[in-house]
Amino acid sequence: MDKEFDLYDVVEMKKAHPCGHNQWKIIRMGMDIRIRCEGCSHSVMIPRKEFARKMKKVLVKHEGE
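Residues numbered from 1 in each chain as written. Predicted model: local features only at pLDDT ≥ 70, side-chain atom pairs only at ≥ 80, totals over all residues. Heavy atoms only, no water.

A. The overall build of the protein chain, seen in detail. Counting its secondary structure elements, the protein chain contains 1 helix and 5 strands. Start at the N end of the protein chain and walk to the C end: the helices and strands fall as β-β-β-β-α-β. Against the globule reference of 11 Å for 65 residues, the protein chain gives a C-alpha radius of gyration of 11 Å, in line with a compact fold. On the principal axes, the C-alpha backbone points of the protein chain span a range of 30 × 25 × 20 Å. Of the accessible surface of the protein chain, which amounts to about 4,700 Å², a share of 49% is contributed by carbon and sulfur atoms. With 14 positive and 10 negative side-chain charges, the protein chain shows a separation of 8 Å between the mean positions of the two kinds. (Helix = DSSP H or I, 4+ residues; strand = E, 2+ residues; numbered from the N terminus. Rg over C-alpha atoms; globule rule 2.2 N^0.38 Å. Areas by Shrake-Rupley, 256 points an atom, 1.4 Å probe, with all protein chains shown as cover. Lys, Arg positive; Asp, Glu negative; His and termini not counted. Charge placed at Lys NZ, Arg CZ, Asp CG, Glu CD.)

As structure tokens, then:
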């Protein structure tokens with residue numbers, strides 16, 4: 001079960017951030033994925049394998065090149 005996500009997508013995680021929001025923008029991808037909370041702009045780096053397990057769904061797909 002591979003979840004499809006890409007750079008600059010807005011995703012929902014299984015657990016909300018302590019600030020109360022549960023919308024995260026993917027701002028860097030590699031072996032680790034850096035996501036930024038859309039509510040308070042706090043960023044977190046998570047290993048890709050752990051991110052795929054903790055992500056619930058993609059809320060907004062990035063429309064880019």
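Further notes follow.
B. Representation of the environment of G39. You can see G39 is positioned in the loop between β3 (32–37) and β4 (43–47). Residues G39 and R28, spaced 11 residues apart in sequence, show a C-alpha to C-alpha distance of 18 Å.

C. Broad picture of the nonpolar core. One finds F5, V11, M13, W24, I26, I33, I35, C37, I46, F51 and M55 forming the largest nonpolar core, which totals 11 residues. Put simply, the parts of the chain that give this core at least two residues each are β1 (10–13), β2 (24–28) and β3. Top element by residues in this core is β3. It accounts for 3 residues. Excluding residues within four positions of it along the chain, M55 makes contact with K3, F5, V11, E12, M13 and K14. (Core = buried A, V, L, I, M, F, W, Y, C linked by side-chain atoms within 4.5 Å. Buried < 20%, exposed > 50% of the residue type's maximum accessible area, 1.4 Å probe, protein only. Contact = heavy atoms within 4.5 Å.)

D. Broad picture of unusual backbone geometry. Notably, Y8 is not glycine yet its phi reads approximately 70°, a positive angle. Within the secondary structure, Y8 is located in the segment before β1. For Y8, a relative accessible area of 41% corresponds to the partly exposed category. The backbone phi angle of S41 is positive, close to 65°, even though this residue is not glycine. Locating S41 in the fold gives a position in the loop between β3 and β4.

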